[in-house]
Amino acid sequence: CLSSKERCRARCQTANLLGVLLGRRIRMATDNKLRFVTSMLEFPSGAGNISALNAIILGEALASEENDLVFPSDDFARQAHVSSPQQYFEMYKSLHALRISTFAKGNISIQWFKGGLTNICYNCLDRNIESGNADKIAIYWEGNDPGLQDSLTYSQLLDKVCQLSNYLKDVGVKKGDAVVIYLPMLMELPIAMLACARIGAVHSVVFAGYSSESLAQRIIDCKPKVVITCNAVKRGAKVIHLKDIVDAALAESAKNGISVDVCLTYENQIALKREGTKWKEGKDVWWQDFVPKYPTTCEVEWVDAEDPLFLLYTSGSTGKPKGVLHTTGGYMVYSATTFKYAFDYKPSDVYWCTADCGWITGHSYVTYGPMLNGASVVVFEGTPTYPDAGRCWDIVDKFKVTIFYTAPTLVRSLMRESNEHVTRYSRKSLRVLGSVGEPINPSAWRWFFNVVGDSRCPISDTWWQTETGGFMITPLPGAWPQKPGSATFPFFGVQPVIVDEKGVEIEGVCSGYLCIKNSWPGAFRTLYGDHERYETTYFKPFAGYYFTGDGCSRDKDGYHWLTGRVDDVINVSGHRIGTAEVESALVSHPKCAEAAVVGVEHEVKGQGIYAFVTLVEGEPYSEELRKSLVLTVRNQIGAFAAPDKIHWAPGLPKTRSGKIMRRILRKIASKQLDELGDTSTLAEPHVVEQLIELADR
Ligand code: 6R9
């Protein structure tokens, strides 16, 4: 991954690990029970129960409900990077031996490859070009309106990145300076990220659906020299004036003593011409007027593996967003490797991730992971239901997408519509599907698998977080059978453990708090400007572990089942119930399209279960249906889990990344309507009013 020994002066540790991760030849293990027993003894417990997994593979496992297994086809397994549990265990072990570092109980300081010099932009672009991929498509761009399309080869992308890097240097951006990027999914968004990385500047992408207050809050925290935005964007049929939002945020920041030198604005002609945009001479600069004048080559700034790469703000349990800081070397190794193995990436693939670069998924799996592997990436500006629910499959057929990575919420929203929107497209190019963001309920998994993937594409249900930088628990799609709704096993080198309230590790079949026992290269290094909060939030709750904030259970075969944030656990008469469990039960009802469950105060039980339910298109509410939904939950989980209230919900409040805003639902459920808080980040703010109106139906 490094440029050359002389130029980079990389320490052999980096090179070694990269060699092991990316280039090591793995001997195909021959099936031999004795060998399995041996490896089981040596194997860290977190990676699952190898003998049980082996029994499954050998067909010796007894059929049971937990054994709802979906095997990769022989054809798929044969060509996969990792094609058997043995191979996985061998790779896991070899990596594990390389470096195991558990978390100290005192101050936390994570470092990987410190002293090695590298540059992630170099590894995404120059290195691929030097190895013969100059003319390979790096980005296929599809606009909001069908028919709007563009593309860039790797060498064209490098030219554009270098021009912007040169511009940024010219206006005074230096290594270590912050740059805020507030752009929709134009090609200029990954271009801006890569241009910052090339010169060692620290980018902080703010999702372009955030309000001016949220943007200001982030600007005030990271004090960027430059903000990069565009004048306007079209979302569906609506035009949004981004530059006005940035102006308001900059005014707010100035009031707090933070002034930004330059606001570089891309003229998004498709949305709106530049005329009419408010302009401040001196500060405001049109991208098209200046950037293209700069040279298309730009020296790489070699940075230490531990120099910061980016800051990404994420919500915490308090109002103040947390600035998650990732550094360069470890993140690079981790995003590249997880991408390659979890999607079984091959150079001939065309890859599409529907996430926005405003979220971590867009950082690791739109820009860095795929480009480090020299992949052709689809970047989509629009929404999956515009102009209709077939848009995704239209794009899949158009670019012959082979790997499609999305969120369960999108799967469920498309499931509500007629299957004809899917089946009228070929989708023959697809070979791997992916899911991220929340637990995928088994019925959505099956629809995704059977209808979208024609029952032949494995699904990588990838569990990870902004903080983890890349996949932590994920199927390797050719290596072992899947269970719908389970993220399966840890990625190489990751040691997940399940602990009880006291922080004691629980073995075998269990549920509890998901922690990580050892350091991994993609881990975030701090919360920007608040290392104390970093330690308190993540490393204090269970001493010696990284606490994920998620609940998890492990079945008899060692498969991991994420049950949602532990703050979403409801305690009903002493019974712990995951909101995800109840939701999954509700959604299994043929008339329920989506459900969100929150806890509400209950006089007798402590907490009661309050369920917001969206019905399948065209289905009327009725008392009979309410009873039948409650009965479904009683039948699937138990009487103690029966919802106390079903609240009919034409839609659910979601962030633009598709996460249900439970905070708002909890307030609606407990009728604290004056405490709804900030609803500006919702994808559709009007659903909140609808829900309030329907409260007593
Ligand atoms: C990548 C991303 C992290 C939280 C995480 C968990 C939930 C993500 C999941 C999943 C179950 C999966 N989550 N992937 N839960 N199965 N495959 O989404 O990062 O926005 O930081 O959210 O999302 O609760 O803790 P982020």
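On a predicted model such as this, the values are computed, not experimentally measured, just so you know. (Residues numbered from 1 in each chain as written. Predicted model: local features only at pLDDT ≥ 70, side-chain atom pairs only at ≥ 80, totals over all residues. Heavy atoms only, no water.)

Burial of strand β9 (residues 262-266) is extensive: 5 of the 5 residues sit out of reach of the surface. Both faces of β9 are covered, namely the face carrying V262, L264 and Y266 and the face carrying C263 and T265. Here β9 runs beside strand β10 (residues 284-286); their pairing, made up of 3 bridges, is parallel. Along β10, the bridge assignment pairs T265 with W286. (Buried < 20%, exposed > 50% of the residue type's maximum accessible area, 1.4 Å probe, protein only. Helix = DSSP H or I, 4+ residues; strand = E, 2+ residues; numbered from the N terminus. Pairing = 2+ DSSP bridges.)

Assignment of secondary structure puts A237 in the loop between β7 (233-235) and β8 (238-240). A relative accessible area of 69% places A237 in the exposed class. When the C-alpha positions of A237 and L194 are compared, they lie 30 Å apart, and in sequence the two are 43 residues distant.

With that settled, the discussion passes to the sheet that holds strand β14 (residues 350-353). Within a sheet, neighbouring strands are paired by backbone hydrogen bonds and run either parallel or antiparallel to one another. Within the open sheet, the 7 strands sit side by side as β3-β2-β15-β14-β16-β17-β18. Their pairing is mixed. Edge strands, defined here as strands with exactly one partner in the open sheet, are β3 (149-153) and β18 (459-461). Looking at each pair of strands side by side, their axes are set apart by 20 degrees on average, direction ignored. Bridge analysis of strand β16 (residues 403-406) against strand β17 (residues 432-435) gives 4 bridges, and the strand direction is parallel. Residue pairing for β17: I403 is matched across the bridge by V432. Relative to strand β2 (residues 137-142), helix α15 (residues 391-399) is tilted by about 145 degrees, and along the sheet it contacts β2, β3, β14, β15 (376-380) and β16. (Axes fitted to C-alpha atoms, helices over the stretch in contact; angles between N-to-C directions. Contact = heavy atoms within 4.5 Å.)

What follows concerns the pattern of salt bridges. One pass over the full model with this rule turns up 30 salt bridges. Of the charged contacts, one joins D75 and R78 as a salt bridge, the two residues approaching to 3.1 Å between their closest N and O atoms. Here R78 and D75 lie together in helix α5 (residues 74-79), a separation of 3 residues that amounts to about one turn. Residue classification places D75 among the exposed positions, given a relative accessible area of 55%. Residue R78 is classed as exposed on the basis of its relative accessible area, which comes to 63%. Note that R424 and D388 form a salt bridge whose closest N and O atoms lie 3.4 Å from each other. (Salt bridge = Lys/Arg side-chain N within 4 Å of Asp/Glu carboxyl O.)

Inspection of the region around the ligand gives 16 residues, with D461, T462, T466, D550 and R565 positioned closest. In this structure, an oxygen atom belonging to the ligand sits 3.0 Å away from a side-chain N or O atom of K659. Against a free-state accessible area of 530 Å², the protein chains account for coverage of 90% of the ligand. Looking at side-chain class alone, the shell around the ligand contains 6 nonpolar, 5 polar and 5 charged residues. (Near = heavy atom within 4 Å. Polar contact = N/O pair within 3.5 Å; in protein donor to acceptor, adjacent residues only side chain to side chain. Areas by Shrake-Rupley, 256 points an atom, 1.4 Å probe, with all protein chains shown as cover. Nonpolar A, V, L, I, M, F, W, Y, C, P; charged D, E, K, R; others polar.)

Here we come to helix α14 (residues 360-372). Counting buried positions along α14 yields 13 of 13 residues, so the element is predominantly enclosed. Positive backbone phi, approximately 70 degrees, marks G374, located one or two places after α14.

Let's shift gears to the nonpolar core. Grouped together as the largest cluster of nonpolar side chains are 144 residues, with contacts concentrated most on L157, L164, L168, I228, Y368 and F492. Excluding residues that lie within four positions of it along the chain, I228 makes contacts with L164, L168, V179, V180, I181, Y182, L183, A192, L264 and W287. With 30 residues, the next largest nonpolar core counts V70, V396, V401 and Y425 among its residues. (Core = buried A, V, L, I, M, F, W, Y, C linked by side-chain atoms within 4.5 Å.)

In this structure the tally under the stated criterion is 49 aromatic pairs. Ring centres of W480 and F489 lie 5.1 Å apart, and the angle between their planes is 80 degrees; this geometry places the pair in the edge-to-face category. A single burial state applies to W480 and to F489, both of which are buried. Chaining the aromatic ring pairs together yields one cluster made of Y88, F89, Y92, Y334, Y341, W480, F489, F491, F492 and Y559. (Phe/Tyr/Trp six-rings, centres within 6.5 Å; stacked < 30°, edge-to-face > 60°.)

Looking now at helix α20 (residues 579-587). Taking burial as the measure, the 9 residues of α20 include 7 buried ones, the bulk of the element. The set of residues buried in α20 consists of T579, A580, V582, E583, A585, L586 and V587.

Turning our attention to the sheet that holds strand β20 (residues 510-516). If you walk across this open sheet you meet the 4 strands as β19-β20-β22-β23, and the pairing is antiparallel. Edge positions in the sheet fall to β19 (496-499) and β23 (560-565), since each of these pairs with one other strand and no more. Neighbour-to-neighbour, the strand axes of the sheet open up by a mean angle of 45 degrees, direction not taken into account. The pairing of strand β22 (residues 546-554) with β23 spans 5 bridges and is antiparallel. Among the inter-strand pairings, R554 is bridged to a residue of β23, identified as H560.

Turning next to the confidence of the model for the protein chain. Detailed reading of predicted coordinates is not advised where the pLDDT is low. On average, residues of the protein chain score 86 in pLDDT, and 87% of them reach the 70 mark or higher. Taken together, the stretch residues 61-65 has pLDDT below 50 and engages in 5 contacts with residues farther than four places along the chain or on a different chain. The ipTM assigned to the predicted complex is 1.00, against a pTM of 0.80. (pLDDT = per-residue confidence, 0-100.)

A few words on unusual backbone geometry. Residue P387 follows Y386 across a cis peptide bond; omega there is -5 degrees. Within the secondary structure layout, P387 lies in the loop between β15 and α15. Even without being a glycine, R427 presents a positive backbone phi close to 60 degrees. Within the secondary structure, R427 sits in the loop between α17 (420-423) and β17.

Here we come to the state of the cysteines. Here a disulfide denotes a covalent bond joining the sulfur atom of one cysteine to the sulfur atom of another. Counting across every chain of the model gives 0 disulfides. Free cysteine C263: the closest other cysteine sulfur is in C230, separated by 10 Å. Overall, the relative accessible area of 0% leaves C263 in the buried class. Lacking any disulfide linkage, C510 is separated from the closest cysteine sulfur, that of C552, by 7.8 Å. (Disulfide = S-S within 2.5 Å.)

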